[in-house]
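Observations on the model geometry
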Amino acid sequence: MTTHQPVYPTAPPWATPDAARPGTPAEALANGPSYPQIGGLLVPYPEEMRHAARAQAPALWPVAVLTFLLGVFGAISAARRAKRARRSGNNPAPYWITYAVTMLAGGFVWFVVTLTVVQPLVTSFLESRALSSVEDHILHDGQLAKANLTASSAACRAAGDRREDGTRDYLCRLTLADGRTGQVTITAQRDGTWQATQTR
């Protein structure tokens, strides 16, 4: 008497057994159904499970933000995140692409900001300092004293653009020690050195 050992299925329920396949040899049916071995996973599509255990890739946006704000120092963030992505089985290329694209875009944006915002502010600050220096020189450099004049205050304003040699015309209103007022047109350097061109 022969004792048959129970056979447990090793294929998923959706696998087609030999008994249901047309053209299956009688010998195969006599020995019981055989099931195909599909890797080690009982899933309908094993190829979709190849990346199932892969860790999520690091976010890209910190690379873009740091590169935009810090410029070339954003490469540190890109290198670290690319390394983490490679270790987890993800593609490191997107982090370097993000870095390069942000460097180009950020460079253009900062160039425009410099031309339209920063440069005018710097120019305004330097001209304000030059104006204060001119007023101080008028009162204290002794040129008025040589003309027997003593001014108690001087209020100047620019009367033209600055020339290539660094000079600029100013119209100054002087208040003399005796209370009289007068206007003088001068040409001055940035350091406040001046000479009168017209007095009224």
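As shown above, the structure is provided for reference.
Below you will find a few notes about this structure.

About the cut-offs
Residues numbered from 1 in each chain as written. Predicted model: local features only at pLDDT ≥ 70, side-chain atom pairs only at ≥ 80, totals over all residues. Heavy atoms only, no water. Salt bridge = Lys/Arg side-chain N within 4 Å of Asp/Glu carboxyl O. Helix = DSSP H or I, 4+ residues; strand = E, 2+ residues; numbered from the N terminus. Buried < 20%, exposed > 50% of the residue type's maximum accessible area, 1.4 Å probe, protein only. Disulfide = S-S within 2.5 Å. Phe/Tyr/Trp six-rings, centres within 6.5 Å; stacked < 30°, edge-to-face > 60°. Pairing = 2+ DSSP bridges. Core = buried A, V, L, I, M, F, W, Y, C linked by side-chain atoms within 4.5 Å. Contact = heavy atoms within 4.5 Å.

Re the pattern of salt bridges
The tally for this structure, following the rule as stated, stands at five salt bridges. A salt bridge links E127 to R162; its shortest N-O distance comes to 2.8 Å. With E127 in helix α4 (residues 93–140) and R162 in the loop between β1 (151–158) and β2 (168–176), this pair connects stretches of sequence that are 35 residues apart. Note on E127: relative accessible area 15%, which makes it buried. For the salt bridge of E127 with R190, the shortest nitrogen-to-oxygen distance reads 3.4 Å.

Quick look at the state of the cysteines
Under the criterion given, the structure shown has one disulfide. A sulfur-sulfur distance of 2.0 Å marks the disulfide that ties C156 to C172. Across the S-S bond of C156 and C172 the torsion is about 110 degrees, and the bridge reads as right-handed. Residue C156 is found in strand β1, and its partner C172 is found in strand β2; the two are separated by 16 residues along the sequence. Of the residues examined, C172 reaches a relative accessible area of 0% and is grouped as buried.

Comments concerning the packing of aromatic side chains
Counted according to the given criterion, the structure contains two aromatic pairs. When the ring of W96 is compared with that of Y99, the centres are 6.1 Å apart and the planes differ by 90 degrees; the resulting orientation is edge-to-face. Of the two residues, W96 and Y99 both sit in helix α4, three residues apart, roughly one turn of that helix. Residue classification places Y99 among the buried residues on the basis of a relative accessible area of 16%.

Things to note about the environment of Q183
With respect to the helices, strands and loops of the structure, Q183 is situated in strand β3 (residues 181–188). The sequence separation of Q183 and C156 amounts to 27 residues, and the corresponding C-alpha distance is 9.3 Å.

Describing the pairing of β3
Pairing geometry for β2 and β3, over eight bridges, is antiparallel. Bridge pairing in β3 places L171 opposite T185.

A closer look at the nonpolar core
In this structure, V134, I138, Y170, C172, L174 and I186 are the most contacted members of the largest nonpolar core, which totals 15 residues. Mapped by element, the contributors of at least two residues to this core are α4, β1, β2 and β3. Per element, the largest residue contribution to this core is four residues, and it comes from β2. In contact with C172, other than residues within four places in its own chain, are I138, A155, C156, G182, Q183, V184 and I186. Core analysis: the second largest hydrophobic core is formed by six residues, A82, A85, Y95 and Y99 among them.

Overview of the pairing of β2
As defined by bridge partners, β1 adjoins β2 across seven bridges and the pair is classed as antiparallel. Looking at the pairing, C156 lines up with C172 of β2. In this structure, the hairpin formed by β2 and β3 is closed by a connection of four residues, where G179 is found at a positive phi of approximately 100 degrees.

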